[in-house]
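Structure at a glance
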Amino acid sequence: MLSVVRACRQSMTHLVAHLGGTLSKTRWWLLFILIIAAPFHAFLITWLKDAVPETGLITAISAWREIFVVLISIIVALEILLYYKLRLDWLDWLIIAYALLGMVFFFFQENKMQWLWGMRFNIMPFLFYVFVRHVHWEKRGRLIIAALISGAVVVILGLLHALVLPQNFLTNFGYSTYQGQFQPDIALSACQYLEHTERFCRAISTFGGPTRYGTYLLLLAGLLLPFLVHKTRGLVAATVLFALTLVSIVLTYSRSIWIGTGVAALVGFFAFIPRKVKWKIFLAGIVLFLLGIFGWKLLGIWDGKPHEFPPPILKTIFVRESSTNEHWLLMKDAWETSLEKPLGIGLGATGPASVRFSKFLTENWYLQISVEMGIVGGLLFVFFLIGLLRKLFLAHRNWSRRGLFLSLLAISVAGLFTHSFEEITTILLLMAFAGIFLSPPQSGKRHA
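What comes next is a walk through the structure.

Conventions used here
Residues numbered from 1 in each chain as written. Predicted model: local features only at pLDDT ≥ 70, side-chain atom pairs only at ≥ 80, totals over all residues. Heavy atoms only, no water. Helix = DSSP H or I, 4+ residues; strand = E, 2+ residues; numbered from the N terminus. Contact = heavy atoms within 4.5 Å. Areas by Shrake-Rupley, 256 points an atom, 1.4 Å probe, with all protein chains shown as cover. Salt bridge = Lys/Arg side-chain N within 4 Å of Asp/Glu carboxyl O. Patch = residues over 30% accessible without salt bridge, like charges linked within 9 Å, V, L, I, M, F, W, Y side chains within 5 Å. Axes fitted to C-alpha atoms, helices over the stretch in contact; angles between N-to-C directions. Parallel < 35°, antiparallel > 145°, perpendicular 65-115°, else oblique. Left-handed = near helix turned anticlockwise from the far one by under 90°. Nonpolar A, V, L, I, M, F, W, Y, C, P; charged D, E, K, R; others polar. Disulfide = S-S within 2.5 Å. Buried < 20%, exposed > 50% of the residue type's maximum accessible area, 1.4 Å probe, protein only. Phe/Tyr/Trp six-rings, centres within 6.5 Å; stacked < 30°, edge-to-face > 60°. Core = buried A, V, L, I, M, F, W, Y, C linked by side-chain atoms within 4.5 Å.

Within the protein one finds 18 helices and 2 strands. In the protein, the proportion of contacts linking residues at least 24 apart, taken out of those at least 6 apart, comes to 76%. Carbon and sulfur atoms form 70% of the exposed surface of the protein, whose accessible area is close to 22700 Å².

Spelled out as structure tokens, the structure:
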């Protein structure tokens, strides 16, 4: 009788172990597919909507990223119940409190679909981090390589479209010639011109706009950083891709992305670069700046008179008076609304989600959260960002974490001037990699 009990226990142990391996492999492959395919989401959905008559099926397919996130989260929850000791830290509790606050609005908002869109943008990516962080991830390097290969294709397509291909090239895939702000019933613009010009097509690649594309480029640059620091076999390829990524950032003509890139570069320069290397970088920067000015003159981009500085094109790129004034007015309205409604007006009421209902843009992600979820929600979000940045910064020379720190810092700074966290693909992947790099070692798994 005792031997039968032992045999049953052993069988159960083997069954649980086998189930654990299956669950682990399944979530790994789901995340792998998400990493590979998500950067092409906007392009493929736009093409599909043009090729296939509008049906509910296309709407369902458009939610594939969210479905993958839910499936991965469910699998992680099962693994935690069966195999892992759940240890929530203060950062996890901040996100949980932030998510619970968002769920409270469900009971007060009449438009539940608007609330759901708000949850998608405001909460889902950050809650995903909590799930990813609490299980061990095998073959992390392959996930990073997958992201870089996918990113290389995206960057090359973006450069070809911005510099080589006809400006109306993307109209062959269902894109429109529309030049206004995003409307859900109008296809993405094939060429978003730089303000007051019909000469410069802002780089968007496979994304829905130049700023959205810019946030993805910031993530890609952070993922490349370890390959530039360590002398690996992929150093040359990583250097080339990093250079192309920086060129692509310039070609987005997104000032918020440029500012975020500049702040991250300065912080990385002073915080992580050895002193003896700083002088080399400084001199190289001066040389590149002079070459840039020479190149602008040589290519005829400097269209001003000899005594005129800055030339008109630089004013168009950096000043953009109408766009700048609109940004400040929207931010002013958002600030006044947050003071008038300190408890919030509901999820999806501002920012990218509001475009589908009653448009209310803030041009500042932190004001958007404060308007939607109240001052408490805004503070919880800021504290979470600071906590995550701190965790990634204190990485003990772990360049994978440092790279993500700089990416998150750049996107956070850009969020002061635009809705930088609106690109679901970028933020999902950023939170996923942050969770992976901060996840427990294999020893954190308890025995069944």
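Below, the discussion takes up the pattern of salt bridges. This structure, assessed with the given rule, holds 9 salt bridges. Note that E423 and R65 form a salt bridge whose closest N and O atoms lie 3.9 Å from each other. Of the two residues, E423 sits in the loop between α17 (399-414) and α18 (424-437) while R65 sits in helix α4 (residues 64-82), which places them 358 residues apart along the sequence. Ionic contacts of the salt-bridge type, sharing partners, join the residues R65, R212, E422 and E423 into one network.

Turning next to a nonpolar patch on the surface. A contiguous nonpolar patch, built from V153, I156, L157, L160, L163 and V164 and spanning about 530 Å² of accessible area, is present on the exposed surface. Tracing the backbone through its elements, the reader meets L160 in helix α8 (residues 140-163).

Right, let's get into the packing of helix α9 (residues 210-229) against helix α10 (residues 235-251). The interhelical angle for the contact between α9 and α10, taken along N-to-C directions, is 155°, at an axis separation of 9 Å. If you check the angle between α9 and α10, you find them roughly antiparallel. For α9 against α10, the interelement crossing comes out left-handed. Contact residues: Y213, L217, L218, L220, A221, L224, F227 and L228 in α9; L235, A238, T239, L241, F242, T245, S248 and I249 in α10. Across the contact of α9 with α10, the residue classes break down as 13 nonpolar, 3 polar and no charged.

This brings us to the state of the cysteines. Summed over all chains, the structure comprises 1 disulfide. Note that C191 is cross-linked by a disulfide to C201, the S-S spacing being 2.1 Å. Here C191, found in the loop between α8 and β1 (192-193), pairs with C201, found in strand β2 (residues 201-202); they are 10 residues apart in sequence, far enough to count as distant. There is no split in this pair, since C191 and C201 are both buried.

Under the definition given, this model contains 29 aromatic pairs. Note on F43 and F173: the rings are 5.2 Å apart at their centroids and 50° apart in plane angle, and the pair reads as tilted. Here the residue F43 occupies a position in helix α2 (residues 41-51), and F173 occupies one in the loop between α8 and β1, the gap between them amounting to 130 residues. Of the two residues examined, F43 and F173, each falls in the buried class. Since its relative accessible area comes to 15%, F43 is described here as buried.

With that out of the way, let us pick up the nonpolar core. Among soluble globular proteins, nonpolar side chains are generally buried collectively. Of all hydrophobic cores here, the largest spans 102 residues; its most connected members are L31, Y129, L388, F421 and F433. When neighbours within four sequence positions are excluded, F433 is seen to be in contact with I35, L143, I144, A147, L223 and L404. Counting residues in hydrophobic clusters, the runner-up holds 8 residues, among them L170, F173, L188 and I204.

As a further point, take unusual backbone geometry. Positive phi is not limited to glycine here, since S205 has a value of about 50°. Along the chain, the position of S205 falls in the loop between β2 and α9.

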